[in-house]
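Examination of the molecular architecture
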Amino acid sequence: GAGVSQSPRYKVAKRGQDVALRCDPISGHVSLFWYQQALGQGPEFLTYFQNEAQLDKSGLPSDRFFAERPEGSVSTLKIQRTQQEDSAVYLCASSLEGRVMSGSAFFGQGTRLTVV
Amino acid sequence: GESVGLHLPTLSVQEGDNSIINCAYSNSASDYFIWYKQESGKGPQFIIDIRSNMDKRQGQRVTVLLNKTVKHLSLQIAATQPGDSAVYFCAENNYGQNFVFGPGTRLSVLP
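The notes below deal with the structure included here. Every value quoted in this text rests on a predicted model; they were computed, and no experiment measured them.

Residues and elements named next belong to chain A. In this structure, the amide linkage connecting S7 to the following residue, P8, adopts the cis form with an omega of -5°. When you line up the elements, P8 lands in the loop between β1 (5-7) and β2 (10-13). Phi is positive for N51, which is not a glycine, with a value near 55°.

Following this line, the structure appears as structure tokens:
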């Protein structure tokens, strides 16, 4: 596609519900990143994939958060037993280069998750 | 679209004036910096980057200045236009680590 696509655009979940957020990176992009952006703050790193390998998951806030990219393309961020503090915009970025994100990375529009 | 922040520091400038957005970074070992622009309801958009072996870099209408002595980064926008209204983030990277974003500054361009 023309850019990084994320779905759904908005998600409202009841506390305790599981959610899955999808990221379609730009075709051929090797690197994929997930960030969490709380209201009024800058994005915070969650996890990084190089192709299908999850090379860094140091930013995942708890074991309720899980990300995968099984075929090295589409990625899914799953949050189990959602809590109110999980409410945020979840951003995905992809990069053609196979290294830590540089200025060549493109962000999607994000998924706005609201836990009620 | 949704707001990316309700209580961010705000810089208001007249259309046509120059804007200067400042950022203090935290890690003296950071060696790569990026400025991002984020419009309401959109993801961050790359503006310009600079490596720590430089102190100035220019793009189209934008200039980034890096002062490693005081760990300070600034973004200068020449002839600010209404389309420049957005939240601006600086992000720092320590080689091999992932980016740390600053808190952001909202730029408001007045007609």
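Once the structure has been displayed, the description carries forward.
So, about the pattern of salt bridges. Pairs can form between side chains of opposite charge once their charged atoms are near each other. Residue and element names in this part refer to chain A. Taken as a whole and assessed by the stated rule, the structure comprises six salt bridges over all chains. A salt bridge links D86 to R64; the shortest N-O distance between them is 2.8 Å. Note that D86 is positioned in the loop between β8 (75-79) and β9 (88-95) and R64 in the loop between β6 (53-56) and β7 (65-68), a separation of 22 residues in sequence. Each member of the pair D86 and R64 is classed as buried. For K78, the salt bridge goes to E68, with nearest N and O atoms at 3.3 Å. With K78 in strand β8 and E68 in strand β7, the pair connects residues that are ten residues apart, well separated along the chain. We classify E68 as partly exposed; its relative accessible area is 26%.

Of all hydrophobic cores here, the largest spans 20 residues; its most connected members are W34, L77, Y90 and L113 of chain A. If you list the elements that add at least two residues to this core, you get β3 (19-24), β4 (31-37), β5 (44-50), β7, β8, β9 and β11 (111-115) of chain A. Those residues in contact with Y90 of chain A, other than ones at most four positions away along the chain, are Q6, L21, W34, Y35, Q36, L46, F65, L77, I79, G110, T111 and L113 of chain A. Counting residues in hydrophobic clusters, the runner-up holds 19 residues, among them V13, C23, I50 and C90 of chain B.

Cut-off values and rules
Residues numbered from 1 in each chain as written. Chains lettered and ligands numbered in written order. Predicted model: local features only at pLDDT ≥ 70, side-chain atom pairs only at ≥ 80, totals over all residues. Heavy atoms only, no water. Helix = DSSP H or I, 4+ residues; strand = E, 2+ residues; numbered from the N terminus. Salt bridge = Lys/Arg side-chain N within 4 Å of Asp/Glu carboxyl O. Buried < 20%, exposed > 50% of the residue type's maximum accessible area, 1.4 Å probe, protein only. Core = buried A, V, L, I, M, F, W, Y, C linked by side-chain atoms within 4.5 Å. Contact = heavy atoms within 4.5 Å.

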